[in-house]
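Structure at a glance
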Amino acid sequence: MDATARPLRVPPEMGPYAEKHGLFQLLQNMVEKLLIHKPDDPIEFMITHLKQDNDDVPRICIVGPPASGKTTIAMWLCKQLDAIRVSPETLLLEELLELTKEARAYKEREQEIPNALWTNLIQERLSNVDCIKRGWVLEGFPENREQAWMLQSAGIAPRHVVVLYAPDVVLIERNLGKRVDPFTEEVYHTTFDWPSDPLVQQRLVEPEGVSEQETSKKLLDYHRNFPGIFQTFHKILKSINADQPCADVFSQALAYVQTRHRSAAPFTPRILFCGPPGSGKSLQAALIAQKYSIVNICCGQLLKEAVADKTKLGELVKPYFDNGCPVPDNIVLKILADRLNRLDCMTSGWVLHGFPRDLDQAEQLERIRMIPNRVFFLNLPYESILERLAQRRIDPATGERYHITYKPAPSPDIQARLRQNPKDLEGKIEMHLEIYYRNIKDLEEFYENAFSVNADQDPHVVFEYIESCIIKPLPQKS
């Protein structure tokens, strides 16, 4: 057979390595840039893109009707994120931009500046090194669908779009009392936010276009044009009610722009649940496996299946089971590695619980390249653990599980034949907990990006939190 015709075998290590270093996202970003800019020399273009190392800098648009607080929120975001604020007003003040003079000429003739000129001016400003390295917050632009389309055509793609909104009567009232400090560009209000410094008070000026008639006209234009902006950016857009304290608006805007959108990059879940006995690891694993069609692997059950199937490794496990002794780690790892390397786990992903139980096992799991990309520690108070485990019972006739408090037997006959598993005796529970707490700190330090989960609540609430952590990207290390 021709060697070149053989199907390509992707090494199992490739997926974890690519996810760890963000290679899928990096490739996606470069392909997007190539398709937008269509450079004559793609290789040199990509080298330059990698050297810039700016895929994670802020790229934010703040839009909204007049007096919704765009300037204030944009300035606060720039201060918090160390980004560059860009607005139509700041662009007209730029002395180093070649197109500024042309835009000012339109302004002086009291003519509307063409959308194409605005776009080229913004593109020129954002291509400066400070915007490239630190990111940018574009305030008050785009104002309509044509401007939004022109931004995209020019390769200007915001990562987050924040839309501020408030009732028109509130916005008109705000605009009437609006005052601007020409030195700092800070925005104040005669009623709601008057500066305490007399020097600042004296130099405040009333901006153009804040009368009730002018504001009403601008609001009408905004409401007419907003649907086009929404359609263009709806996947990355968040609306925030601006009719509340400015600090609350800023807090919501900051929380949103610091989120990372889900990537289209391939993602194979490799989930690990750690927690004390009774914390719900088995239940949560079953729920996750069912919803996302991934393989549910309980280490204890895996060993039992190996014994039942009479495999070679199962024959090695059987004597330890018969004598009630723990199975050596090297045997457990061989059985576990064999299962995790099967095609269903490699393609669909897996959720593992019951292993590792200590730092040494975690390190061995990493050495065989079985590295989880989501780790959860389910936390439960001691009293809740005892309540959950010591009251568990099983029906030897049917195998059905019951709980004295949460799921009592439906009839006296069933109640009479219920039995307690010896491992659920209080003494056994305390022994297992002592072992767990002895090792948990080392495991938490080893899995430093793990999520901590309050398991002492409704299982479906726990599941919703776990699910939210699985689908959102991990934070980037600084």
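Our subject is the structure listed above.
Here we summarise the structure given alongside this text. (Residues numbered from 1 in each chain as written. Predicted model: local features only at pLDDT ≥ 70, side-chain atom pairs only at ≥ 80, totals over all residues. Heavy atoms only, no water.)

Attention now goes to unusual backbone geometry. Following Phe141, the chain continues to Pro142 via a peptide bond in cis, the omega torsion being 10°. Following the sequence through the fold, Pro142 ends up in the loop between β3 (136-139) and α9 (145-153). Residue Phe355 is joined to Pro356 through a cis peptide bond whose omega torsion reads 5°. Tracing the backbone through its elements, the reader meets Pro356 in the loop between β10 (350-353) and α19 (359-367). (Helix = DSSP H or I, 4+ residues; strand = E, 2+ residues; numbered from the N terminus.)

Next up on the list: the environment of Glu387. If you trace the backbone, Glu387 turns up in helix α20 (residues 382-390). Separated by 19 residues in sequence, Glu387 and Tyr406 have C-alpha atoms that sit 10.0 Å apart. With residues up to four places along the chain from it excluded, the contact list for Glu387 reads His403 and Tyr406. (Contact = heavy atoms within 4.5 Å.)

Looking now at α19. Residues three or four positions apart in an α-helix share a direction because the helix packs 3.6 residues into each turn. Within the sequence span of α19, burial applies to Gln361, Ala362, Gln364 and Leu365. Down the axis of α19, the buried side of the element spans an arc of 160°, and every buried residue falls inside it. Contacts made by the buried residues of α19 are with α17 (329-340), β10 and α22 (426-446). Of the residues flanking the end of α19, it is Arg369, one or two places downstream, whose phi is positive at about 70°. (Buried < 20%, exposed > 50% of the residue type's maximum accessible area, 1.4 Å probe, protein only. Arc of directions from axis to C-beta.)

With that settled, the discussion passes to the pattern of salt bridges. Working definition: two side chains of opposite charge can pair if their charged atoms are close together. Throughout the structure, instances matching the rule amount to 16 salt bridges. When the shortest N-O distance is used, the salt bridge between Arg438 and Glu434 registers 2.5 Å. You can see Arg438 and its partner Glu434 sitting in helix α22, four residues apart, about one turn around the helix. Exposure remark for Glu434: the relative accessible area of 43% places this residue in the partly exposed category. Three or more residues are tied together by salt bridges with common partners; here these are Glu94, Arg125 and Asp130. (Salt bridge = Lys/Arg side-chain N within 4 Å of Asp/Glu carboxyl O.)

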